[in-house]
Amino acid sequence: MAGTNPVAGKVCVVTGGASGIGAGLCQHFAALGAKVVVADLNEEAAAKVAQEINGVAVRCNVMQEMDVRRLIAVAETLGPVEVFAANAGVPSNGGYEVPNDEWDRIWKVNVMQHVYVARHLFPLWQQRPGDKHFIITASAAGLLTQVGGLPYSVSKHAAVSIAEWYQITYREFGIHVACLCPQVVETGMVWVGNAGAGGDGVLKPQQVAEEVVKAMGEKKFLVLPHPQVLKYMKQKASDYDRWLKGMTRLHKSVGELQSRSPPITAAKL
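Per an unreviewed UniProt entry, the chain is named Short-chain dehydrogenase, and its organism is Cladocopium goreaui. In the Sequence similarities (unreviewed entry) part of its UniProt record, the chain is described as follows: "Belongs to the short-chain dehydrogenases/reductases (SDR) family."

And the structure:
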């Protein structure tokens, strides 16, 4: 129901919680009365966020399944985990020339993270009554595409697919999946390919976090902080060839912009 507080008094885990959207989620969850576990590879930065919100910091490399398993075990000592935001992610520019080790890295972070979390958390959730919330930070790139970033586009498409499958398969257990698909959000990461997407506005992490909580309260699957993305999805579905031609023009214009502009310090994450 709209207007409800789905996180008050609950243990909430956020990966990639030390910065960007992750920090925004941690801060907003805490402000709404949640017990927040700030998980990040950067332990020092995670500890800083945790101190600010009276939360708990845990170092976690989401590429490693046993790290994810340990994170869940630590969080469960605070009480049953009822909200998990799998937010950690990495960008990648380039196409087929991107080396294998970078493909492996982005695949493990942007895709396998969601498998590892479900593998070790969902069996607990399936035995527990009540609502549980699993949030996957994908991207508008997962619904559309990312000009200039093949690995990012592929991995975020996969993240959206995982979110859909989980919602279909585990809804009966009270597991509610939210798939977060923003365009450009202020973060500390550099993503040159965002030159085209920034035209719909660059949001602050707090704004994105507010949209996530609103969607959780409504048990809504797709979270679009940039509402224009829905229009683009409809255009893509209604005339795929026309959409591809339009994206080809965008690709060319972004390439020209990048050739004469410095990198943009904003990222889709």
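Back to the write-up after that little detour.
Student: Explain the nonpolar core to me, please; I cannot follow it from the model alone.
Tutor: One recurring pattern in soluble globular proteins is that nonpolar side chains are buried together. One finds Leu71, Phe84, Leu121, Phe122, Trp125, Phe134 and Tyr166 to be the most contacted residues of the largest nonpolar core, which totals 51 residues. When residues in this core are grouped by element, the largest group, nine residues, is from helix α4 (residues 100–126). Dropping the residues within four chain positions of it, Leu121 is found in contact with Ile72, Val81 and Phe84. Core analysis: the second largest hydrophobic core is formed by 31 residues, Ile21, Val36, Val38 and Ile53 among them.

Student: Honestly, the pairing of strand β4 (residues 81–86) in this entry has me stumped. Any pointers?
Tutor: Two faces belong to every sheet, and in a regular strand the side chains alternate between them. The buried fraction of β4 is high, at five of six residues. As defined by bridge partners, strand β1 (residues 11–15) adjoins β4 across four bridges and the pair is classed as parallel. Paired with Val11 across the bridge in β4 is Val81. Between the parallel pair β4 and strand β5 (residues 132–137), the chain is carried across by α4, and the sense of this crossover is right-handed.

Student: Any chance you could explain the sheet that holds strand β6 (residues 175–180) here in plain terms?
Tutor: Backbone hydrogen bonds are what pair the strands of a sheet, in a parallel or an antiparallel way. On the basis of which strands lie adjacent, the open sheet formed by seven strands has the order β3-β2-β1-β4-β5-β6-β7 and parallel pairing. Here the strands that pair on one side only, and so sit at the sheet edges, are β3 (56–59) and β7 (222–223). For β1 and strand β2 (residues 35–40), the ladder comprises five bridges, and the chain directions are parallel. Within β2, the residue paired with Cys12 across the bridge is Val36. Sheet strands in contact with helix α6 (residues 150–170) are β5 and β6, and its direction is about 160° off that of β6.

Student: Help me out: how do you make sense of the pattern of salt bridges in this one?
Tutor: A side chain with one charge can pair with a side chain of the opposite charge if their charged atoms come near. For the structure shown, the criterion picks out six salt bridges. We note a salt bridge from Arg119 to Glu65, for which the minimum N-O separation is 3.1 Å. Note that Arg119 is positioned in helix α4 and Glu65 in helix α3 (residues 65–76), a separation of 54 residues in sequence. In this structure, the salt-bridge partner of Glu76 is Arg128, at a minimum N-O distance of 2.6 Å. In this pair, Glu76 is assigned in helix α3 and Arg128 in the loop between α4 and β5, connecting sequence segments 52 residues apart. Overall, the relative accessible area of 22% leaves Glu76 in the partly exposed class.

Student: How should a nonpolar patch on the surface be read in this particular structure?
Tutor: A cluster of nonpolar residues, Tyr96, Trp107, Leu150 and Val154, forms a patch on the protein surface that exposes about 430 Å² of accessible area. Relative to the helices and strands, Trp107 is located in helix α4. Judged by its relative accessible area of 34%, Trp107 is partly exposed.

Student: Can you help me understand the packing of aromatic side chains in this one?
Tutor: One pair of aromatic rings is described through two measures. These are the centre distance and the angle between the planes. Taken as a whole and judged by the stated rule, the model has 11 aromatic pairs. Residues Phe122 and Phe134 carry aromatic rings whose centres are separated by 5.5 Å and whose planes lie at 85° to one another, so their mutual orientation is edge-to-face. Within this pair, whereas Phe122 is found in helix α4, its partner Phe134 is found in strand β5, the two being separated by 12 residues in sequence. As far as the burial class goes, Phe122 and Phe134 line up, both buried. With a centroid separation of 6.0 Å and 75° between ring planes, the pair formed by Tyr240 and Trp243 is classed as edge-to-face. Of this pair, Tyr240 and Trp243 both sit in helix α9 (residues 240–260), three residues apart, roughly one helical turn. Residue class for Tyr240 comes out partly exposed when judged on its relative accessible area of 47%. Classification of Trp243 by relative accessible area gives buried; the value is 12%. Through a chain of ring-to-ring contacts, three or more aromatic side chains come together here, namely Phe84, Phe122, Trp125, Phe134, Trp165, Tyr166, Tyr170 and Phe173. The lysine or arginine in question, Lys236, covers the ring of Trp243, its NZ or CZ lying 4.7 Å from the ring centre.

Conventions we followed
Residues numbered from 1 in each chain as written. Predicted model: local features only at pLDDT ≥ 70, side-chain atom pairs only at ≥ 80, totals over all residues. Heavy atoms only, no water. UniProt positions renumbered as here; feature names shortened; annotations may be inferred. Core = buried A, V, L, I, M, F, W, Y, C linked by side-chain atoms within 4.5 Å. Buried < 20%, exposed > 50% of the residue type's maximum accessible area, 1.4 Å probe, protein only. Helix = DSSP H or I, 4+ residues; strand = E, 2+ residues; numbered from the N terminus. Contact = heavy atoms within 4.5 Å. Pairing = 2+ DSSP bridges. Right-handed = clockwise from strand over helix to strand, strands pointing away. Axes fitted to C-alpha atoms, helices over the stretch in contact; angles between N-to-C directions. Salt bridge = Lys/Arg side-chain N within 4 Å of Asp/Glu carboxyl O. Patch = residues over 30% accessible without salt bridge, like charges linked within 9 Å, V, L, I, M, F, W, Y side chains within 5 Å. Areas by Shrake-Rupley, 256 points an atom, 1.4 Å probe, with all protein chains shown as cover. Phe/Tyr/Trp six-rings, centres within 6.5 Å; stacked < 30°, edge-to-face > 60°. Lys NZ or Arg CZ within 6 Å of the ring centre and 35° of its normal.

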